[in-house]
Amino acid sequence: MMVYGKLLLTAFFWGGTFIAGRALAGHVAPFSAAFLRFAVAAVFLLLFLLRAEGRIPALRKRQAVPILILGMTGVFAYNYFFFKGLQLIEAGRAAVIIANNPIGIALLSALLFKERLSRIQVAGILLSVAGAVFVVTRGQPAQLLSGGFGVGELLIFGCVLSWVTFSLVGRSVLKTLSPLAAIFYAALVGTAALFLPACGEGLLSSIGRYRVIDWLAIFYLGFFGTVAGFVWYYDGIKKIGPTKAGLFINFVPVSAVVLAFFVLGEPITPSLFAGTLLVVSGVFLTNRRAAPAAN
């Protein structure tokens, strides 16, 4: 029961990252928010790593390039798209789009690694894509033909592409490194890459003007959204298996939509509600056999 409770909290934490990111929008620039999030996360990841393994595992030469890719996709690119996109669209809408991460992973795994997809999984993919389209076009799918959806949605789709790449490359990294060590090194690479762009946005001159709510959101993103979420998720994989643990990711868009309603006052429109149900149902079907990766 403790494991299941932690996995439910993980889904809740990840849903809350959209609220925290939305709260920073307009006050903290995208690269600055991403840098500070992972600077906080890297410190706590180091502490967790030292406690769990007693040392920092040395990297081998053949691990360097995959780790670099992990940092540049799962940390650098993903978080830029995430914070920039949340400046333009609602947190609930972004969460439903990003809920398609497992769908992209399943499709590319089938193409690149020859993993077979059952008919139920294919149906789940189609259902989830339909839900995302319904959300993005606000219930008017014909807008796709006229380019009726905006830059914000495209940026959030960039999150999906970044995370799919991060997850698939991570498969090879996790053969030789523990999940905690891999995430720690990816966080270091991403944080280092984010520093100069963050300075270019005026991080050093504006950091003293951040509000208390900004720092609380940054801490939430770094500790709860990154460290606690990943540690508890991988603990769940270890104890009950990836398939059962992965299914809890289906609760992320639901918690994000509900939190956005109560915390930010974002409306739950009919198209958002219907799209959320379609995406969650599609992700559930797609992952009945294949284990999804985290957002």
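Nothing here was measured: the structure is a model prediction, and the numbers come from that model.

### Here we look at the overall build of the protein chain
- A tally of helices and strands in the protein chain yields 14 helices and zero strands.
- Beginning at the N terminus, the succession of helices and strands in the protein chain can be written as α-α-α-α-α-α-α-α-α-α-α-α-α-α.
- Within the protein chain, buried positions represent 52% of all 295 residues.
- At a minimum sequence separation of 6, the contacts of the protein chain that also span at least 24 residues come to 89%.
- Accessible surface, the protein chain: about 13500 Å² in total, of which carbon and sulfur atoms supply 71%.

### Some words on the environment of Leu 278
- Summarising the element assignment, Leu 278 is placed in helix H14 (residues 270-286).
- We classify Leu 278 as partly exposed; its relative accessible area is 28%.

### Overview of the side chain of Ser 162
- Within the secondary structure layout, Ser 162 lies in helix H8 (residues 151-173).
- Taking the relative accessible area as the measure of exposure, Ser 162 reaches 7% and is therefore buried.
- Beyond its immediate stretch of four places on either side in the chain, Ser 162 contacts Thr 73, Gly 74, Ala 77, Tyr 78 and Phe 81.

### A word on the nonpolar core
- Of all hydrophobic cores here, the largest spans 68 residues; its most connected members are Phe 18, Leu 24, Leu 45 and Phe 82.
- With ten residues, the top contributor of residues to this core is helix H9 (residues 179-200).
- In this structure Leu 24 touches Ala 33, Phe 83, Asp 214, Ala 217, Ile 218 and Leu 221, once residues within four positions along its chain are discounted.

### Quick look at the pattern of salt bridges
- For the structure on display, the rule yields two salt bridges.
- Two residues, Glu 266 and Arg 22, come together in a salt bridge whose shortest N-O distance is 3.7 Å. Here Arg 22 lies in helix H1 (residues 2-24) and Glu 266 lies in the loop between helix H13 (251-264) and H14, a separation of 244 residues in the sequence.
- For Glu 266, a relative accessible area of 10% corresponds to the buried category.
- Across the salt bridge formed by Asp 214 and Arg 211, the nearest N and O atoms sit 2.7 Å from each other.
- The exposure class assigned to Asp 214 is buried, which follows from its relative accessible area of 2%.

### Some thoughts on the packing of helix H4 (residues 91-98) against H8
- Between H4 and H8, whose axes approach to 9 Å, the crossing angle comes to 40°. Considered as vectors, H4 and H8 are oriented oblique to each other. Of the two elements, H4 crosses H8, and the hand of that crossing is right-handed. Residues Arg 93, Ala 94, Ile 97 and Ile 98 of H4 form the contact with H8, whose participating residues are Glu 153, Ile 156, Phe 157, Cys 159 and Val 160.
- In terms of residue class, the contact of H4 with H8 is built from seven nonpolar, no polar and two charged.

### Some remarks on the packing of aromatic side chains
- All chains considered together, the criterion is met by 22 aromatic pairs.
- Counting every residue linked through ring pairs, the aromatic cluster contains Phe 12, Phe 13, Phe 44, Phe 219, Tyr 220, Phe 223, Phe 224 and Trp 232.

### Quick notes on helix H2 (residues 30-53)
- End to end, H2 covers 33 Å across 24 residues, agreeing with the expected 34 Å (1.5 Å per residue, within 8%).
- At the C-terminal side of H2, Gly 54 shows a positive phi close to 75°.

### Describing a nonpolar patch on the surface
- A cluster of nonpolar side chains, contributed by Val 254, Val 258, Phe 261, Phe 262, Val 263, Leu 264, Ile 268, Phe 273 and Leu 277, occupies part of the molecular surface with about 820 Å² of accessible area.
- In terms of residues, the nonpolar patch owes the most to one element, H13, which gives six residues.
- Structurally, the position occupied by Leu 277 is in helix H14.
- Exposure remark for Leu 277: the relative accessible area of 48% places this residue in the partly exposed category.

Rules of the game
Residues numbered from 1 in each chain as written. Predicted model: local features only at pLDDT ≥ 70, side-chain atom pairs only at ≥ 80, totals over all residues. Heavy atoms only, no water. Helix = DSSP H or I, 4+ residues; strand = E, 2+ residues; numbered from the N terminus. Buried < 20%, exposed > 50% of the residue type's maximum accessible area, 1.4 Å probe, protein only. Contact = heavy atoms within 4.5 Å. Areas by Shrake-Rupley, 256 points an atom, 1.4 Å probe, with all protein chains shown as cover. Core = buried A, V, L, I, M, F, W, Y, C linked by side-chain atoms within 4.5 Å. Salt bridge = Lys/Arg side-chain N within 4 Å of Asp/Glu carboxyl O. Axes fitted to C-alpha atoms, helices over the stretch in contact; angles between N-to-C directions. Parallel < 35°, antiparallel > 145°, perpendicular 65-115°, else oblique. Left-handed = near helix turned anticlockwise from the far one by under 90°. Nonpolar A, V, L, I, M, F, W, Y, C, P; charged D, E, K, R; others polar. Phe/Tyr/Trp six-rings, centres within 6.5 Å; stacked < 30°, edge-to-face > 60°. Expected span 1.5 Å × (residues − 1). Patch = residues over 30% accessible without salt bridge, like charges linked within 9 Å, V, L, I, M, F, W, Y side chains within 5 Å.

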